[in-house]
Amino acid sequence: MVSSKHGMELRRLARSVLQPGFVGTEAPDWVLREIADGLASVVLFSRNIATTAQVARLTGRLRAENPELIIAIDEEAGDVTRIESATGSTRPGNLALGTVDDTELTEAVAADLGRQLHAAGVSLDYAPSADVNSNPDNPIIGVRSFGVDAKVVSRHTGAWIRGLQSAGVAACAKHFPGHGDVAVDSHHGLPVYDADRAQIAEQALPPFRAALEAGVRAVMSGHLLVPAYDPDLPATLSRRILDELLRQELGFDGIIVTDAIEMGAVAHLYGIGGATVRAVAAGADAVCVGGENAEAATASLLVDALADAVVSRDLPEERLEEAARRVREFASWSTSLRPTHAAVWDAAGIGFAAARRAIRLHGAVQHVLPLVNAPHVVELVPTTNLAIGKETPWGVATPLGERLPGTTSVRVRREDLRSRTTALQTHALAPAAGRPLVVVVRDASRHAWMARALADLVTARPDAIVVEMGLPGAPVPGAAQIFTHGATAASGVAAAEVLAGAL
């Protein structure tokens, strides 16, 4: 344990590179004390949010301790939403925007989000995802990416950053050097991006170059192994990737933020204290923690780990000082950002318009749409990754019921289908007898049980209408299909409008 005046100064430096989360809709005393003692950042999650006005009061209280406090949020305005976690996002996510492929629209949607976040007192948003979703089995990125084409992802990454920052909120491009071509969820294990340097330069790096050109001043590292650059250490802990590639080769001079340091990909290897020390030593300037470990004891543990590592010479003090300096410079810049043009956030506006434009139809939809009679809706529900809030609603049944009174619905999970034939007959086919059947899926191509259930339902009811709210897979033969390219509230409303003929 570090002591003495030098030790106090060292612990203050250590606090300045942490970005912890906390529990509650009001500022806990321990967070206020930490800010007074040098904590330079905090991060908000859905547990901190009730309304925009409440968040504004919370951020105001936090900034009373430090006017330049960095207040971050993990808000992608898609399936991963914090500011609208209780209701679902009123904006479509990245895949929907990439599908429309109108960069002016993407910039406008990001600016709309930015105005809401700025009004709430947020100064840094951990978005956009600049990952190219080149692996269709990717369990963590999917619709969070603008698409599978590096050129499309690059131009929309730049547009999203310009839009958000025009509204007075700093963007953070993630997950460097690219999390799109993996098949493991880094919340639980260590993904491997097994491409050579030429492939990485062509496939994964262009969106980050576009982010830098758009003026991004924060980049989030990804917890993945990239053997072409470092066969031993995940990117977050690799000097070869953070310093040699991002700083020296790409020329980035802003802050490098880690993905949540308690995630299994790094914490299972080194513990959160060990991973924190290794990340800062490798070149990270700010350590995100508290998505799951949001306690005063965790923040104290990490302060101790960083200070002790300096004393033991595992972490050069000048590297910690450099990280603290970058954080101070970013704090000053980000909290001074102001909207470049006046506009009013309108939850009923641009997001829903964008979601409508992202709808794509396939099959004989003209023969079955719009629905005349109230349907039975079957929503096949997968287990989502930890980035998506379990409390966040999604689907088509609720907005469709508002447009077609008498609509009935059921949610079916994998565990409900122990006897697939009986369960589907009871929950789906029998209630839909003599009525239209709408089957809603989410990433059916990635879930074998869902694909089988969908095939059974379409075989039994060839007139069923299929709504895919995740990554579009191969078309279901003979079925009328609606693709929303995301499962946000806005996307659900857009699909319901198509079904009810309201568009």
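Let me sum up the structure you'll find in this document.

## Some words on the overall build of the protein chain
Phase 1: Per the secondary structure count, the protein chain includes 17 helices and 15 strands.
Phase 2: The globule rule puts the C-alpha radius of gyration for 503 residues at 23 Å, and the 23 Å found for the protein chain is close to it.
Phase 3: With respect to the principal axes defined by its C-alpha atoms, the protein chain has extents near 80 × 45 × 40 Å.
Phase 4: For the protein chain, buried positions account for 62% of its 503 residues.
Phase 5: Once local pairs closer than 6 in sequence are excluded, the contacts in the protein chain between residues at least 24 apart make up 78%.
Phase 6: Total accessible area on the protein chain stands at roughly 18,600 Å², and carbon and sulfur atoms take up 51% of it.
Phase 7: Taking the average place of the 45 positive charges on the side chains of the protein chain and the average place of its 57 negative ones, the gap between the two points comes to 3 Å.

## Side note on the nonpolar core
Phase 1: Formed by 95 residues in total, the largest nonpolar core has its most connected members in Leu62 and Phe176.
Phase 2: Every residue in contact with phenylalanine 176, bar those within four places of it in the chain, is listed here: Leu205, Phe208, Val219, Met220, Ser221, Gly222, Leu224, Ala235, Ile241, Leu245, Leu246 and Leu250.

## Brief notes about the sheet that holds strand 2 (residues 41–44)
Phase 1: Strand order across the open sheet formed by four strands is 2-3-4-5, with parallel pairing between neighbours. Among the strands making up the open sheet, the edge pair consists of strand 2 and strand 5 (170–171).
Phase 2: Two strands pair when backbone bridges link them, and strand 2 and strand 3 (residues 70–73) are joined in this way by four bridges, in the parallel orientation. Of the residues in strand 3, the one forming a bridge with valine 42 is isoleucine 71.
Phase 3: Against the sheet, helix 12 (residues 317–335) makes contact with strand 2, strand 3, strand 4 (124–125) and strand 5, and its axis sits at roughly 80 degrees relative to strand 3, the strand it touches most.

## A short note on the packing of helix 9 (residues 239–249) against helix 10 (residues 264–282)
Phase 1: For the pair helix 9 and helix 10, interaxial distance at closest approach is 8 Å and the crossing angle is 25 degrees. Considering the angle they form, helix 9 stands roughly parallel to helix 10. The two elements helix 9 and helix 10 cross, and the hand of that crossing is right-handed. Here Arg239, Leu242 and Asp243 of helix 9 come into contact with helix 10, specifically with Ala279, Ala281 and Ala282.

## Quick look at the sheet that holds strand 13 (residues 437–441)
Phase 1: Taken in spatial order, the six strands make up an open sheet running 10-15-14-13-11-12, and their pairing is mixed. Because the sheet does not close on itself, it has two edges, and the strands there are strand 10 (360–362) and strand 12 (408–413). Taken pair by pair, the neighbouring strands of this sheet meet at an average axis angle of 20 degrees, ignoring direction.
Phase 2: In this structure, strand 13 lies alongside strand 14 (residues 465–468), joined through four bridges in parallel fashion. Among the inter-strand pairings, valine 440 is bridged to a residue of strand 14, identified as valine 467.

Rules used in this analysis
Residues numbered from 1 in each chain as written. Predicted model: local features only at pLDDT ≥ 70, side-chain atom pairs only at ≥ 80, totals over all residues. Heavy atoms only, no water. Helix = DSSP H or I, 4+ residues; strand = E, 2+ residues; numbered from the N terminus. Rg over C-alpha atoms; globule rule 2.2 N^0.38 Å. Buried < 20%, exposed > 50% of the residue type's maximum accessible area, 1.4 Å probe, protein only. Contact = heavy atoms within 4.5 Å. Areas by Shrake-Rupley, 256 points an atom, 1.4 Å probe, with all protein chains shown as cover. Lys, Arg positive; Asp, Glu negative; His and termini not counted. Charge placed at Lys NZ, Arg CZ, Asp CG, Glu CD. Core = buried A, V, L, I, M, F, W, Y, C linked by side-chain atoms within 4.5 Å. Pairing = 2+ DSSP bridges. Axes fitted to C-alpha atoms, helices over the stretch in contact; angles between N-to-C directions. Parallel < 35°, antiparallel > 145°, perpendicular 65-115°, else oblique. Left-handed = near helix turned anticlockwise from the far one by under 90°.

Keep in mind that these numbers describe shape and distance, not what the molecule does.
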